[in-house]
Amino acid sequence: MRGARVALAGGLAAVAVALALVLSHPPAILARPSAIEQVNTILAIVPGAGSGCQAGETLPAHTSAIRLSLESSAGPRVAVTVRAGQTVVAHGESAPGWLGKVVTIPVEPLDRTVPNTTVCFAFTGAEERVYFLGVLAPRRGATRTSVGLLQGRMAIEYLRAGNTSWWSLAHSTARRLGLGRAWAGTWIALLVASLMASSIVLASWLTLRESR
Amino acid sequence: MSRRAQLRRALRGVPSAAWLCALVACLNAVSWSFISPPFEVPDEQAHFAYVEQLARAHRLPSSGSEEYASDELLALDDLEVGRVTFQPEHGTIASRAAQQKLQSDLAGAVTSSQLGVGAAGDAASQPPLYYALEAIPYELGASGGVLDQLALMRLVSALMAGVSALFVFLFLREALPSTPRAWTVAGLGVAFFPMLGFISGAVTPDAMLCAVSAVIFYCLARGFRRGLTPGLAIAIGVLTAVGFLTKLNFLGLAPGVVLGLALLARRASATVGVGAALRMLAPALAIAATPVLVYVLVNLFSHHRTLGISSGVIAATASHSLGGELSYLWQLYLPRLPGMHVDFADISPLRYLWFRGLLGEYGFEDTFFPGWVESVALLPVLAIAALCAREVFKRRRAFRPRVAELGVYFALVLGLLVLIGISSYQWFPAEAAGFPEPRYLLPLAPLFGVALALATRGAGRRWGAVSGVLIVVLFIAHDLFSQLQVIARYYG
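Residues numbered from 1 in each chain as written. Chains lettered and ligands numbered in written order. Predicted model: local features only at pLDDT ≥ 70, side-chain atom pairs only at ≥ 80, totals over all residues.

Peer 1: Quick question: what am I supposed to make of the overall build of chain B here?
Peer 2: Of the regular secondary structure elements, chain B holds 22 helices and 2 strands. The C-alpha atoms of chain B give a radius of gyration of 23 Å, which matches the 23 Å a tight globule of 492 residues would have. The long-range share in chain B, meaning contacts at least 24 apart out of those at least 6 apart in sequence, stands at 78%. (Helix = DSSP H or I, 4+ residues; strand = E, 2+ residues; numbered from the N terminus. Rg over C-alpha atoms; globule rule 2.2 N^0.38 Å. Contact = placed C-beta atoms within 7 Å.)

Written out as structure tokens, the structure is:
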């Protein structure tokens, strides 16, 4: 019984410390506002392998990940390379198996902004289709891909670590959690916290009781 | 003894720990119901539309399109669901002005809403029982509008999480009767399992299917431990019918349930005689098959395809090569063998679809943990697997007399996996994994509970209590961080 109590106290303390550490980190934010608000245009559908390059980009300082608008249900590993002229300024690779309309690729951050870059990407899948998403644009600025010149530009976003921790965003996050609800209000965040606290207390008590 | 007295006695026989596990599962699911933004759970829009069609038109949906009733479309529009879904760069609405517009539009829609063409999107082909049940909270919230109705409907799903956890506990009490502590660990593990909370905190028949499956597992385990009785046989038959009426995915579990019933009847024939055993089996099978027969007859008389949407699946399956399909099924769950066609070039479905998905795939399947969490999570998963394997090896002799029972559980697993695989193969190769989602494995939650219970026992007498506590804490942590992940995705 004593062992169970110690394990419970130690375990919950470790969870609390991990929680505090995670919330002390800043969330990833857009390094600059996205030029494309809603990406729904399918510019190309590629079965299996594909690649492409998009010129006229700017790599913002401190970018830690690049988000490409590709869609798949079990996407392949995607490699991205950012070039300024002939110089590679950033490179990264995503994990495979991604799902949805974007794939996020981590890259090594730079201290400076690099203008006039070309972002190239490539992937080698099996037969699953990968959709290239973006917005229609004139041929001059269009993306070149393995299936030819697209009718527009793909949506590319640059992420970096934010300046403030999750702790300092707690109030605005709680306020937003309470919007778009039947019974809207910040109190919903408190309700969620109370529900989880009750569950944890109940489970802890029950676990100890049954450990006897 | 009257039926009421029997029921009272049966309820009194349920340990308080089981009720508490159920309560924890409910609280957790309610919490998830407030965390997941409205309509940001797979197909929730379609499920809501189905209920709306059933409650207002008193008819089943007639279209798989997304031309829902005007009040739902208004809510989807004001909540910017199209902009948020699959695009993690967009969170939910963030301003008071957007909230006021939403409230005012929905208040206006309460009286002026048009029903539409009877569409229920992807849910249109599903059986109606869950939706009929959800029509009650839908009606109760009618004066408040779409969001009130959705919130109340989510609470009904949350109750089903409680049923799931309760019956996982009771299943383990029958299946592993010698270790009461392990029942609680497994019950709480399932109660805090974030995928169960996430799904049961939303409007989706998966919540009910999980609960029905847990009750069936319990009944089968009870039958194998105490023998089949006429009452138990009828209960299994009724539950099978309920399963068929809940979600089409139950088709995958049905062969295992029928096998279980047949084996239990065969075993009973040794004590009560073949005639009496058949008299238990026949009505149970008849009740179980009734919804399928009615469905087939309705389709035949209304000149639809005999098995509805399932006919399409069968036709699609028939048009593919059997070898290709078997190879795909294998690769969907197991490592590819030499000589097999490469169906998943760059990914291991076991790791990237199933492990990652069960670890944390929330929202509209667009909210994941960072990649490093998967590597860290492997440690406790391997520890639980090792303890579980140790216990199985230590008690291997005890499992031998229970081969038939284990075979039934295996058939339930296999049936579900094959169904998921066949359904997914319809879209292959355009979509390698368009259908398989981890939530479809939730009906196997009782076996997940078995793994946790065996791991608790595997730690031995000395460390069993500590191991049980740590497993519960692990699932508390998993649940908390999963909720934070969703909060960060939508509200950060």
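This is not the end of the story, as more comes after the structure.
Peer 1: Help me out: how do you make sense of the overall build of chain A in this one?
Peer 2: A count of helical and extended segments in chain A gives 3 helices and 15 strands. Its C-alpha atoms give chain A a radius of gyration of 23 Å, more than 25% over the compact-globule value 17 Å for 212 residues. Overall, chain A is about 70 × 40 × 35 Å in size when its C-alpha atoms are taken along their principal axes. The buried share of chain A, taken over its 212 residues, is 40%. (Buried ≥ 20, exposed ≤ 12 C-beta atoms within 10 Å, placed from the backbone.)

Peer 1: Just to check I follow, could you spell out helix H3 (residues 44–57) of chain B for this structure?
Peer 2: The periodicity of an α-helix, 3.6 residues per turn, causes residues three or four positions apart to be oriented the same way. Residues and elements named next belong to chain B. Given a rise of 1.5 Å per residue, 14 residues ought to cover 20 Å, and the 19 Å separating the end C-alpha atoms of H3 matches this to within 8%. Across the 14 residues of H3, 11 count as buried, placing the element largely inside the fold. Regarding H3, the residues found buried are Glu44, Gln45, Ala46, His47, Phe48, Ala49, Tyr50, Val51, Glu52, Gln53 and Leu54. The elements touched by buried residues of H3 are helix H4 (70–78), helix H7 (129–140), helix H8 (146–175) and helix H11 (205–226). Where H3 terminates, the next one or two residues include His58, which has phi positive at roughly 55 degrees. (Expected span 1.5 Å × (residues − 1).)

Peer 1: Any chance you could explain the environment of Arg83(B) here in plain terms?
Peer 2: By the secondary structure assignment, Arg83(B) is in helix H5 (residues 81–84). Each C-alpha atom of the pair Arg83(B) and Met195(B) lies 24 Å from the other, and the pair is 112 residues apart in sequence.

Peer 1: Teacher, can you tell me more about the interface of chain A and chain B here?
Peer 2: Accessible area lost on assembly of the parts is the figure often given for the size of an interface. Facing the 55 residues of chain A at the interface are 64 residues of chain B. Put simply, the parts of the chain that give the side of chain A that touches chain B at least two residues each are helix H1 (2–24), strand S5 (70–75), strand S8 (98–100), helix H2 (170–177) and helix H3 (187–211) of chain A. Among the elements that make up the side of chain A that touches chain B, the one with the highest residue count is H3(A) (14 residues). Along the lines of polarity and charge, the residues of the side of chain A that touches chain B split into 30 nonpolar, 15 polar and 10 charged. (Nonpolar A, V, L, I, M, F, W, Y, C, P; charged D, E, K, R; others polar.)

Peer 1: I tried to follow H7(B) on my own but got confused; where do I start?
Peer 2: Within the span of H7(B), buried status applies to Tyr130(B), Tyr131(B), Glu134(B), Ala135(B), Pro137(B) and Tyr138(B). In this structure, the buried residues of H7(B) make contact with H3, H8, H11 and helix H12 (230–246) of chain B.

Peer 1: In this structure, what is going on with the nonpolar core? I would like to understand it.
Peer 2: One recurring pattern in soluble globular proteins is that nonpolar side chains are buried together. Residues Leu68(A), Cys21(B), Phe169(B), Leu172(B) and Ala214(B) are the most contacted members of the largest nonpolar core, which totals 198 residues. When residues in this core are grouped by element, the largest group, 19 residues, is from H8(B). What Leu172(B) contacts, discounting residues up to four positions off in sequence, is Ala182(B), Trp183(B), Ala186(B), Gly449(B), Val450(B) and Ala453(B). (Core = buried A, V, L, I, M, F, W, Y, C linked by C-beta atoms within 7 Å.)

Peer 1: Just checking my understanding: could you explain the pairing of S5(A) for this structure?
Peer 2: Side chains on a regular strand alternate between the two faces of the sheet. All names here are of chain A. Within S5, 6 of the 6 residues are buried, which leaves the element mostly enclosed by the surrounding structure. Across 2 bridges, S5 lies against strand S11 (residues 129–136) in antiparallel orientation. Across the sheet, residue Glu71 finds its bridge partner in S11, namely Tyr131. Judged from the 2 bridges that link them, S5 and S8 form a sheet pairing that is antiparallel. Within the sheet, the bridge partner assigned to Gly75 lies in S8 and is Trp98. (Pairing = 2+ DSSP bridges.)

Peer 1: When you look at the sheet that holds strand S9 (residues 103–106) of chain A in this model, what are you seeing that I'm missing?
Peer 2: Residues and elements named next belong to chain A. As summarised here, the arrangement of the 4 strands in space is S1-S15-S4-S9, forming an open sheet in which the pairing is antiparallel. Here the strands that pair on one side only, and so sit at the sheet edges, are strand S1 (28–30) and S9. Looking at each pair of strands side by side, their axes are set apart by 30 degrees on average, direction ignored. Inspection of the sheet shows strand S4 (residues 65–68) paired to S9 by 4 bridges, in the antiparallel sense. Paired with Ala65 across the strands is Pro106, a residue of S9. (Axes fitted to C-alpha atoms, helices over the stretch in contact; angles between N-to-C directions.)

Peer 1: Whenever I open this one, the packing of H8(B) against H11(B) confuses me. Can you help?
Peer 2: For any two helices packed against each other, one specifies the inter-axial angle together with the distance between the axes. All names here are of chain B. Between H8 and H11, the least distance of the axes is 8 Å, while the angle of their chain directions is 20 degrees. Taken as axis vectors, H8 and H11 run roughly parallel relative to one another. The two elements H8 and H11 meet at a crossing, and its hand is left-handed. Within the contact between the two elements, H8 uses Ser157, Met160, Ala161, Val163, Ser164, Phe167, Val168, Leu170, Phe171, Glu174 and Ala175 and H11 uses Ala207, Met208, Cys210, Ala211, Ala214, Val215, Phe217, Tyr218, Ala221, Arg222 and Arg225. Broken down by class, the residue content of the contact of H8 with H11 amounts to 17 nonpolar, 2 polar and 3 charged. (Parallel < 35°, antiparallel > 145°, perpendicular 65-115°, else oblique. Left-handed = near helix turned anticlockwise from the far one by under 90°.)

Peer 1: Where do I start with unusual backbone geometry in this structure?
Peer 2: Note: most residues except glycine have negative phi, and most peptide bonds are trans. Residue and element names in this part refer to chain A. A positive phi angle, near 50 degrees, is found at Asn116, a position not held by glycine. Its location among the elements puts Asn116 in strand S10 (residues 114–123). Judged by C-beta crowding, with 12 C-beta atoms within 10 Å, Asn116 ranks as exposed.

Peer 1: Would you mind going over the environment of Leu8(A) with me for this structure?
Peer 2: Of note, Leu8(A) is situated in helix H1. Along the primary structure Leu8(A) and Trp205(A) are separated by 197 residues, whereas in three dimensions their C-alpha atoms are 9.8 Å apart. Apart from residues no more than four positions distant in its own chain, Leu8(A) is found in contact with Ser204(A), Thr207(A), Leu208(A), Val469(B) and Val473(B).

Peer 1: Explanation requested: the sheet that holds strand S13 (residues 148–149) of chain A in the structure shown.
Peer 2: By definition, the strands of a sheet pair up through backbone hydrogen bonds, in either a parallel or an antiparallel sense. All names here are of chain A. Taken in spatial order, the 6 strands of this open sheet run S7-S6-S10-S3-S12-S13, and their pairing is antiparallel. Strands at the two margins of the open sheet, each flanked by one partner only, are strand S7 (87–93) and S13. Sheet analysis places strand S3 (residues 50–59) next to S10, joined by 7 bridges and oriented antiparallel. Across the sheet, Gly50 pairs through a bridge with Phe123, a residue of S10.

Peer 1: Explain the environment of Leu179(A) here, please?
Peer 2: Following the sequence through the fold, Leu179(A) ends up in the loop between H2 and H3. On a C-alpha basis, the gap between Leu179(A) and Leu12(A) in space is 31 Å, while along the polypeptide they are 167 residues apart. With near-sequence residues (within four places) excluded, Leu179(A) lies in contact with Ala184(A), Thr92(B), Ile93(B), Ala94(B) and Gln99(B).

Peer 1: Sorry, what's going on with the confidence of the model for chain B here?
Peer 2: The predicted coordinates should not be examined in detail at positions where pLDDT is low. Considering every residue of chain B, the mean pLDDT works out to 92; 97% of them sit at 70 or more. The ipTM for the predicted assembly is 0.91, set against a pTM of 0.92. (pLDDT = per-residue confidence, 0-100.)

Peer 1: How do you make sense of the confidence of the model for chain A when you look at a structure like this?
Peer 2: In the predicted model, chain A carries a mean pLDDT of 91, and the fraction of residues at 70 or more is 96%. Ranking the elements of chain A by mean pLDDT puts S8(A) last with 83 and strand S6 (residues 78–84) of chain A first with 96.

Peer 1: Got a minute to help me understand the packing of H12(B) against helix H14 (residues 274–301) of chain B in this structure?
Peer 2: Residues and elements named next belong to chain B. Where H12 meets H14, the closest approach of the two axes is 8 Å, and the angle between their N-to-C directions is 10 degrees. With respect to H14, the element H12 is oriented roughly parallel. Contact with H12, carried on its side by Pro230, Ala233, Ile234, Ile236, Gly237, Val238, Thr240, Ala241, Phe244 and Leu245, involves Met280, Leu281, Pro283, Ala284, Leu285, Ile287, Ala288, Thr290, Pro291 and Val292 of H14 and no other residues of that element. Of the residues assigned to the contact of H12 with H14, the class counts are 17 nonpolar, 3 polar and no charged.

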